[in-house]
Amino acid sequence: MKAISGRSAFLDILRDEGVSILFGNPGTTELPIMDALAAQHDVRYVLGLQENVVMSMADGYARASGRLAACNVHVAPGLGNALGALYNAKYYGSPVIITAGQQEQGFMLTEPLLYDSLVDMAAPLVKWAVEIHRLEDLPRILRRAAKVALTPPTGPVFLSLPGDVLNQSAEMSLGTSTTVLTETRPSDALLERMAERLLAAAQPALVVGPEVCHEGAFAQVAAVAEVIGAAVFQQPLPYTAQFSSTHPLYMGALPRTAQELRNALEFADLLIAAGADVFRMSVPGAVEPLPDGLPIVHVGSRDWELGKVYPTELAVHAQVKTTMAALADRLRARQTPQQAQAAEARRKALAARNWSSKREQAMQTALGAADNAPIDPAWLMMTLAENTPADGVVVDEGLTTSRPLLDFLPMEDPRRYFGLASGGIGWGLPGAVGVKLALPERPMVCISGDGSAMYNVQALWTAAHHKLPITFVIANNFGYRILKQRLYAYGGDAVAQENMIGMDFTNPEINITGLSNALGVPATTITRPQDVAPALQAAQAADGPRLLDIHVYGGYRS
Ligand SMILES: Cc1ncc(C[n+]2csc(CCOP(=O)(O)OP(=O)(O)O)c2C)c(N)n1
Ligand SMILES: [Mg+2]
C-alpha cells in the first residue's frame, strides 16, 4: 500500500463518491486542501466570496443534481457565516458534505484565533457532525458522511478537518462507496388495506410534497390520482416541482394561510399525503389549517413527518414512488364498477376547475394590468413564464412579486423549479449558480426580490467568473414589501402613522445595475412593461450572465 496524505485522501474519496466540484472559501486552515487541489484535475474548485454564498451554491447544486455536493468553509467564523444557508439545506434535505478546516490538534487547546468547537456549532442543522482526530479514520468517516447524506431522508453532514490530519501521511485503504437502496414498498397486506381505504373515499384530495420531486415520482402519483379521481394539490409553500401542472387533475398549490387552506380542503373526506409536509405554514392562524376530523393517509420516507402534526389514520413509512406504483395496480384490481363510475364523474368535474383553467382566468386578469408602471407582479410573472423555454429552469426567491409565478409557469419535470425552502432568504442568487452548474444544458432564470438579492449579491461575481448563462431578474420595489404587508395587517401604530421603519431602501437608493456591473454581470434597468419581454429574450440569448433590474409595484395595502 502506498502512503497518502490526508489532504489527497480527502479529495480522492470525494471524487470517488461522485463529487466533481468543491465549493469553497479558503483561509489558512484550508491551505492543505488548496495545495492538494493544485496537484489533481478531477475536482474543480468554485470560489464563493462569502461562506453563506458557498453553502447556498452547494445546496443549489445538490438540489438540482440529486447527487452528493461538497463545500468547504473557514473555521468558526466561516462556518458561522454559512449557518443560515445550512438551515436552508437542512429543510430541503440537500445531500451536502460541508467541511471546515480546523486548527491543529494540540494547538486548539491554546484557543488560537478562529478556533471554536465546530461540531457544536453545526450539530443542530446536520444529520451527522464529527471532527476527524486520526488520519487513519478519515476514509471511514468520509465514506460514512457520504452515505448518511445520500440516504433518505437525505440531508447535510458536517466534518471538521484539523490541519495536522490533513498534513500527515499514512498507508491506508481509501475504502469504497456504499449506497443504501431504499426502493422499498409496503407488504401486500398493507397495500390492500391502503387500496381499500382510498376506494372508500367519496371526495379524495391528494397533496404532493418534495419527496415526489426527489424521487421523480410524478407518473406514479398521477396513476393513483387517476384511478380514484382525486384532486391533486401541491403542498402550501411549494419549493420544488412536485406534479405536472397541466395534468387534468392538478388543482394548483394549497393556499398559505390557515383559513384559506381549511376552506380549500373543506370538500374532501380523505386527505392522501404523498411525501408532503402536512402542513408547514409560514404564519400562525386563528384556526387549524386542517378541517376538523379530516382523515389522513400519509406515505413517505421521512418518518418524522408522518403524523407529526395531525393524527394520521394510516401512516406508511415507505418510498412514495414504489408504493404509489404498486398501489395504483391494487386500486385498479379492486375498484368496483360503481367506484370506477364515481371516479370518472369526479375526473370530469375537476377538469372544469383545474390549474389549466384557472391559469386562463389568471391570464385575463393579468392582461388588465399590462400597461401598469411600476410593473404589475402578476403580469410580470405571466410574461416571465411565457418567455421561459419549455426546458428552462426557474430559481425563485421573488417573494411578493413572484407569488403568482406558479399560477402561470407550467411544471412538467422535477428539475423545473427551485424555491425558498426554509424561509431564510439569500439563497436565490448563489443557489442559482449551483443549480446552473448542475444543469448546464438547461436555460435558466433566477428571480429575486431586491431585498433578498442583497444578502448574497457577491454570488454574481461567481456567475460572471464562470460565464454562466443565467438571467437574473431583480424584482425591485425598493424595500421589504412583504414586511410592510404584514405590518399593515398587524394594524398598529406603524400603519396609523404611515411610518414603517427599516423597510425602505432610500437615501440612498441601491444602484442595482451599478452593483451588478461592478461584479461583472452586465445589467439593465427596466421600468416600462413593453421592454420586459425583449429584455428577457436578449438576456437569455447572451453567452454569460445578465441582470435585469425590473421596477415593480411595491404597495402594501394589496
Ligand atoms: C435570513 C433572513 N433574514 C431576514 C428575513 C426576514 N425577511 C423575510 S422577507 C424579507 C424581505 C424580502 O424583501 P424582498 O426580497 O425585497 O421581497 P419583497 O418583500 O419586497 O417582495 C425579510 C427581511 C428572513 N426571512 N431571512
Ligand atoms: Mg423588495
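Anyway, here's the lowdown on the structure attached to this text. Computed from a predicted structure; not experimentally measured.

As a matter of local geometry, ligand 1 sits amid 18 residues, with T400, G449, G451, S452 and I482 nearest to it. Elements that contribute at least two residues to the shell around ligand 1 include exactly α16 (399–402), α19 (450–453) and α21 (481–490). Looking at the shell around ligand 1 residue by residue, the classes come out as 5 nonpolar, 11 polar and 2 charged.

At the junction of P152 and P153, the peptide bond is cis and its omega measures out at -5° in the coordinates. In this structure, P153 sits in the loop between α6 (138–150) and β7 (157–162). Note the cis peptide between V278 and F279, where omega equals -20°. At K467, a residue that is not glycine, the phi angle is positive and equals roughly 50°. Tracing the sequence through the fold places K467 in the loop between α20 (459–465) and β18 (470–476). Given 11 C-beta atoms within a 10 Å radius, K467 is considered exposed.

Bringing the sheet that holds strand β5 (residues 96–102) into the picture now. Spatial ordering of the open sheet is given by β3-β2-β4-β5-β7-β6, a layout of 6 strands whose pairing is parallel. Both outer strands of the open sheet, β3 (44–47) and β6 (129–131), are each paired with one neighbouring strand and no more. The sheet shows a mean angle of 25° between the axes of neighbouring strands, taken without regard to direction. By the bridge criterion, 6 bridges tie strand β4 (residues 69–74) to β5 in an arrangement that is parallel. What sits directly across from V73, in β5, is A100.

Conventions we followed
- Residues numbered from 1 in each chain as written.
- Chains lettered and ligands numbered in written order.
- Predicted model: local features only at pLDDT ≥ 70, side-chain atom pairs only at ≥ 80, totals over all residues.
- Near = placed C-beta within 6 Å.
- Helix = DSSP H or I, 4+ residues; strand = E, 2+ residues; numbered from the N terminus.
- Nonpolar A, V, L, I, M, F, W, Y, C, P; charged D, E, K, R; others polar.
- Buried ≥ 20, exposed ≤ 12 C-beta atoms within 10 Å, placed from the backbone.
- Pairing = 2+ DSSP bridges.
- Axes fitted to C-alpha atoms, helices over the stretch in contact; angles between N-to-C directions.

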